[in-house]
Amino acid sequence: LKSGVETVNFIYGELEFDDFYKIMQSICQNFMSHMPSNEFVFLDLGCGAGSCMAAAVSLKNPINNLLVFSRVIGIDLMEAKLFECKKLMDYFSNSLAEVIGHSCGYVDI
């Protein structure tokens, strides 16, 4: 870099819902299943359109069938992606509540 010139680069990429869900499901089965579900918070730095947050919201503990995360938080620098994420999380939270009979916990974007 030349003196006095600042360069900022962003690299953008999204993880697929299914792939991330499978990874998190494996982690839950192997490491988190003996703990109460409501003790975990999922923080997604660079949440993008929210696919990983949607996967985190839907994860259930295999032992007690309760949701794993009591709170899901997404942070991103790109306002357009945050808007997409908010729309997805609103839709996903409402759909999930209809399927499992209760809300998915606290979601913050």
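Residues numbered from 1 in each chain as written. Predicted model: local features only at pLDDT ≥ 70, side-chain atom pairs only at ≥ 80, totals over all residues. Heavy atoms only, no water.

Peer 1: How do you make sense of the state of the cysteines when you look at a structure like this?
Peer 2: By definition, a disulfide is the covalent link that joins the sulfur atoms of two cysteine residues. Tallied over the entire structure, the rule returns zero disulfides. Take Cys85: it sits in no disulfide, and the sulfur closest to it among the cysteines is that of Cys47, at 4.0 Å. On the basis of relative accessible area, Cys85 is assigned to the buried category, the value being 0%. (Disulfide = S-S within 2.5 Å. Buried < 20%, exposed > 50% of the residue type's maximum accessible area, 1.4 Å probe, protein only.)

Peer 1: Help me understand the side chain of Asp44 in this model?
Peer 2: Here Asp44 is to be found in strand 1 (residues 40-45). Salt bridges are absent for the buried Asp44, whose nearest opposite-charge side chain, Lys81, sits at 12 Å. With near-sequence residues (within four places) excluded, Asp44 lies in contact with Cys52, Met53, Ile73, Gly74 and Ile75. (Helix = DSSP H or I, 4+ residues; strand = E, 2+ residues; numbered from the N terminus. Lys, Arg positive; Asp, Glu negative; His and termini not counted. Salt bridge = Lys/Arg side-chain N within 4 Å of Asp/Glu carboxyl O. Contact = heavy atoms within 4.5 Å.)

Peer 1: Looking at this structure, how should I read the packing of aromatic side chains?
Peer 2: The relation between two aromatic rings is expressed through the spacing of the ring centres and the mutual angle of the planes. Applying the stated criterion to the full structure yields three aromatic pairs. Relative to Tyr21, the ring of Phe17 lies with its centre 5.9 Å away and its plane at 15°, an arrangement referred to as stacked. One end of the pair is Phe17 and the other is Tyr21, both in helix 1 (residues 17-32) and four residues apart, which spans about a single turn. Residue classification places Tyr21 among the partly exposed residues on the basis of a relative accessible area of 22%. Plain terms: the ring middles of Phe20 and Phe42 are 5.9 Å apart, the flat faces sit at 65° to each other, and that makes the pair edge-to-face. Of this pair, Phe20 sits in helix 1 while Phe42 is found in strand 1, placing the two residues 22 residues apart along the sequence. The residues Phe20 and Phe42 share a single accessibility class, namely buried. An aromatic cluster of at least three residues, connected via ring pairs, comprises Phe20, Phe42 and Phe69. (Phe/Tyr/Trp six-rings, centres within 6.5 Å; stacked < 30°, edge-to-face > 60°.)

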